[in-house]
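# Architecture at a glance
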Amino acid sequence: MRNETEQQPDEHHTVDWATTRPVVSGSGGVISSGHPLVSMAGMRMLLSGGNAFDAAAAAGLAAAVIEPTASYSLCSECVAILHDAKGHQTLVLSGQGPAPALATIATFAKDGFPRIPTGPGPNAHLSFTVPGAVGAYLKLLETFGTRTIVEVLAPALEYAEEGFPMYEYMHRMLSHRETRSQFALYPPGGEAVFYPAGRAPRVGEQFRQPALAATLKKLVAAGAQGGADRLAGISAVRERFYRGDIAVTISAFSEKWGGLLRAGDLADYRAQVEPPLAMAFAGHEILGQYAWTQAPVVMQALGLLQTFDLKAMGHNSGRYVHTVAEALKLAFADRERYYGDSREVPIAELLSPAYLRERAALIRADRAMQEAPPPGDVRHTRQSAAAPSPPSSAANPSAAHAEDGTTHIACIDREGNMIALTPSGGVFRKSVFSPELGCTLSTRSEMFSLEEGHPNALAPGKRPRTTLISYLICEGGRPIATVGCPGGDDQGQANLQMILNMLVFGMNPQQAVEAPRFATETLIDSFWPHSYRPGVLSVEPGISEPVRDELRALGHTIEVVGACGIGAVVTRRDPDMGTLSAGADPRRPTYALAF
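Okay, so let's go over this structure. The model shown is predicted, which means the values in this text are computed figures rather than measured ones.

So, how was this worked out
- Per chain, residues are indexed from 1 in the order of the written sequence.
- Only residues with pLDDT of at least 70 get local features here, since the model is predicted, and only at 80 or more are side-chain atom pairs given and counted; chain-wide, interface and lining totals rely on the full set of residues.
- Hydrogens and water are ignored here; the side-chain numbers use all heavy atoms of the structure.
- To qualify as a helix, a DSSP run of H or I must reach at least 4 residues; to qualify as a strand, a run of E must reach at least 2; elements of each kind are numbered from the N terminus.
- Radius of gyration: over C-alpha atoms. The globule rule applied is 2.2 Å multiplied by the number of residues raised to the 0.38 power.
- Pairs of residues are marked as contacts when any of their non-hydrogen atoms sit within 4.5 Å.
- Accessibility throughout is a Shrake-Rupley quantity obtained with a 1.4 Å probe, and a residue counts as covered only by protein chains that appear here.
- A residue counts as positive if it is Lys or Arg and as negative if it is Asp or Glu; His and the chain ends are not included.
- Here the site of a charge means atom NZ of a Lys, CZ of an Arg, CG of an Asp or CD of a Glu.
- In this scheme, strands are said to pair when DSSP sees at least two bridges between them.
- Angles run from 0 to 180 degrees between N-to-C directions of axes, and those axes are lines fitted to C-alpha atoms, restricted for helices to the stretch in contact.
- Note on classification: 1.4 Å probe, protein chains only; a residue is buried when its accessible area is under 20% of the maximum for its type, exposed when over 50%, partly exposed between these limits.

A tally of regular secondary structure across the chain gives 20 helices and 21 strands. Taken against the 2.2 N^0.38 rule, which gives 25 Å for 595 residues, the C-alpha radius of gyration of the chain at 23 Å falls within 12% of a compact globule. In terms of its C-alpha atoms, the chain occupies a principal-axis envelope of roughly 70 × 65 × 50 Å. Look at the contacts in the chain between residues 6 or more apart in sequence, and 74% of them connect residues 24 or more apart. A total of about 21,100 Å² of accessible surface is found on the chain, and carbon and sulfur atoms cover 53% of it. In the chain, 51 positive and 60 negative side-chain charges are present, and the distance between their average locations comes to 3 Å.

In structure tokens form, the structure reads like this:
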């Protein structure tokens, strides 16, 4: 007979890449988001017979209530990638609102602004963009959904009207001094809502948002006009938000503070559905958004890394971290020169194997690049716009890793519909809070360039080159996973690492999101004041001290930060068994649910 020690199961032994949470799995549906109540909003749609798109829309609307301190509001934007199982198509959903008609380069030049300003400070109103998120959710429901808009809005309205328990992360965000000082610049701001009795609600206290509830009630009332006609209800909500009294309120609020956003900008807005960009890597296809986002950074980096044996280097070894960081520096240099909402972006050339091999040869195994490299020479494109000069490196060193990075939602249903959605905009410390609406407006225009001829140059009706991205992974032509992570310029870097975690190192969704991350700062930050910190490599505490020493020896200036991207989500579908699984980032109150 075997002794008791010999009978011990394997779980008592050391496991590679152990996680703090289990992988959440099911066969009926899986959803993961930045908060349990947001995930539950989506799960309510799935349990009532809705699909992944109904769930994502419900979760996105609920997140505007539950996560206002995660740089996201009802009057902001979102970007998604989705797979429609019935139509056998993968598409990009753009809810990124464009610049207002009054926003021109000349408008800012006459006031002497070198870039479009935003908060913290008194110029936040100058960077408003058209609110795109609501339009995107309506487009999603109209095109692919099954539930009525009233059903989809119900969780968000309940959370706003009846309240929810204040949670630790939100309470901590409200403790930032810049939030209240920004409110004070545009009084009364959100002072009465978020600091009743002069303080933030304590953790566990019920927190309500009456003004936001009133705005949501208007949408519900409009949707109810459609009766049993689902599409008529969606159309009525769009009309009220973008052409009715809500649009008038948004316009009047902007005009009151000197902003450029007007009712006509909202009336002209429509969310867009577009084909995705694709890149082959490690026997898989990675799909994401075009260069009106920073999504091609990941595609370019994957192409650069094709020439290296990453697995042989070892996960998060010094050589691995160095190589990936150097590839990112090259990709970000091209982002700054070539990306934008423009037909002039030479995307085919930027992703061509020959070009990427040429660029990859610039990565040295023995030395880190101390400055941002020049962009690549894409010879078949217009050369009218010069590469922008890096600004002073003396900008706020903590800006790149602010804790109030946005949120992410991903869902898969039993039919194989999949969506990865990143909503954002309206961070309290940078924007303007409307007491009438119960939320902030997005300041995404800060990402435009004011350089004539640049692909990301400001123009009315044009989308700013947004940081918002998400990815879908296919194997053998079949979609198997989604990847997304909030975090400004860290988004692309974190998403790249999670893709590598899965495709090179075989990690499951939870392992992929929990593994320690790193981020190069040798880039021009997308956000005002566009800081530039050459040579700096941020690493999370999980990157070991011996690895940090090795990186220092290669010339990297190491800074240990709390998180490099915060709130990551990975979902996966086994195309043969139909098993659905998800991972949720413990760096935030991110939470996955399945049934």
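This next bit is on the sheet that holds strand β17 (residues 536-539). One open sheet holds the 3 strands; their spatial order is β16-β17-β18, and the pairing between them is mixed. Edge positions in the sheet fall to β16 (518-520) and β18 (557-560), since each has one partner strand and no second. Taking the axes of each pair of neighbouring strands and ignoring which way they run, one obtains an average angle of 25° across the sheet. Of the pairings in the sheet, the one linking β17 to β18 comprises 4 bridges and is parallel in character. What sits directly across from Leu537, in β18, is Ile558.

Structurally, Thr179 can be placed in helix α7 (residues 177-185). When neighbours within four sequence positions are excluded, Thr179 is seen to be in contact with Met173, Tyr195, Phe428 and Arg429.

A few words now on helix α13 (residues 296-305). Residues separated by three or four positions in an α-helix point in the same direction, a consequence of the helix having 3.6 residues per turn. Buried residues dominate α13, accounting for 10 of its 10 residues. The set of residues buried in α13 consists of Pro296, Val297, Val298, Met299, Gln300, Ala301, Leu302, Gly303, Leu304 and Leu305.

These figures come from the coordinates and say nothing about function on their own.
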